[in-house]
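# Structural description and commentary
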Amino acid sequence: DAFIERTGYTRDDYIGQKFTKFLPTESQRQLPELVDELNSEGMFDNREINFYSREKEPLPSLISGTVLELGGESYTMVTAKDISKQRATEERLRRSEQRFRGIFENAPIGILLVDMQGCIFQANHTAATLLAYDEQHMYGIHVSRLVPQADRQDLKQLLEQLSVGTSPQHKSEKKLCCQNGIEIWTNIHILLQRDRDDMPSYFIVQLADISDMKR
């Protein structure tokens, strides 16, 4: 009943028909591997496959199969778990990730993502350009390397205070050191990002060049 209700077909639609009739082409290509596993192991477990609904809508499912002996003949019993909601959630997350990545990469201000040890694990194009770095060369360096030597310990202490303090953010004007040796003045905004359990996860560092204003 559950299978019929989900797909929209009737029992008469199914009985006597080939199994492949109700599968999209890409799912049909998976069947030889499943048949081989049935022949060798007598079962297969939790393989993702799509069924067609009556309206030809793909229905993502996890299927398991086992060989049964009934009346001296072999049959295959297949159970299917509908994972449409799970896949829809994953697709929303994927689109959200794409939107975030687009905003992150195209933001007109520099953005660095810094782990709880103070190391940069992501930098947008604006930040890399601002600091005269190749983006890939910023990954893994400690954020304190971006400030003059005399200010590095203060920045490390600031990150530590943010990670344990009641205030989740810091704003100030700071000098930063570009990879080419030039120092620039920036407005810097450091925000502590927490996970769903309210545990410190990483820092978001936003940078804006104010050198012209300082001059």
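In what follows, the structure referred to is the one given above.
Residues numbered from 1 in each chain as written. Predicted model: local features only at pLDDT ≥ 70, side-chain atom pairs only at ≥ 80, totals over all residues. Heavy atoms only, no water.

On to the layout of surface pockets. The computed volume of the largest pocket comes to approximately 760 Å³. Taken together, 25 residues line the largest pocket, and the ones lying closest to its centre are F3, F19, F51, V78 and T79. Counting residues per element, the ones that place at least two in the lining of the largest pocket are helix 1 (2-7), helix 4 (31-41), strand 1 (43-52), strand 2 (58-70) and strand 3 (73-82). Of all the elements, strand 3 adds the most residues to the lining of the largest pocket, at six residues. Grouping the amino acids of the lining of the largest pocket by side-chain chemistry returns 16 nonpolar, five polar and four charged. (1 Å grid on protein atoms, 1.4 Å probe; cavity = no way out; pocket = protein on both sides within 12 Å on 5 of 7 lines; lining within 4 Å. Points joined across faces, edges and corners; volume = space filled by probe spheres on them. Helix = DSSP H or I, 4+ residues; strand = E, 2+ residues; numbered from the N terminus. Nonpolar A, V, L, I, M, F, W, Y, C, P; charged D, E, K, R; others polar.)

To continue, consider empty space enclosed by the protein. Tallied over the entire structure, the rule returns one cavity of 30 Å³ or more. In this structure, the largest cavity encloses a volume near 40 Å³. Along its surface, the largest cavity is lined by L112, V143, L146, V147, L155, L176, I188, V205 and L207. Considering only residue class, the lining of the largest cavity consists of nine nonpolar, no polar and no charged.

Treat this as a map of the structure, not an account of what it does.
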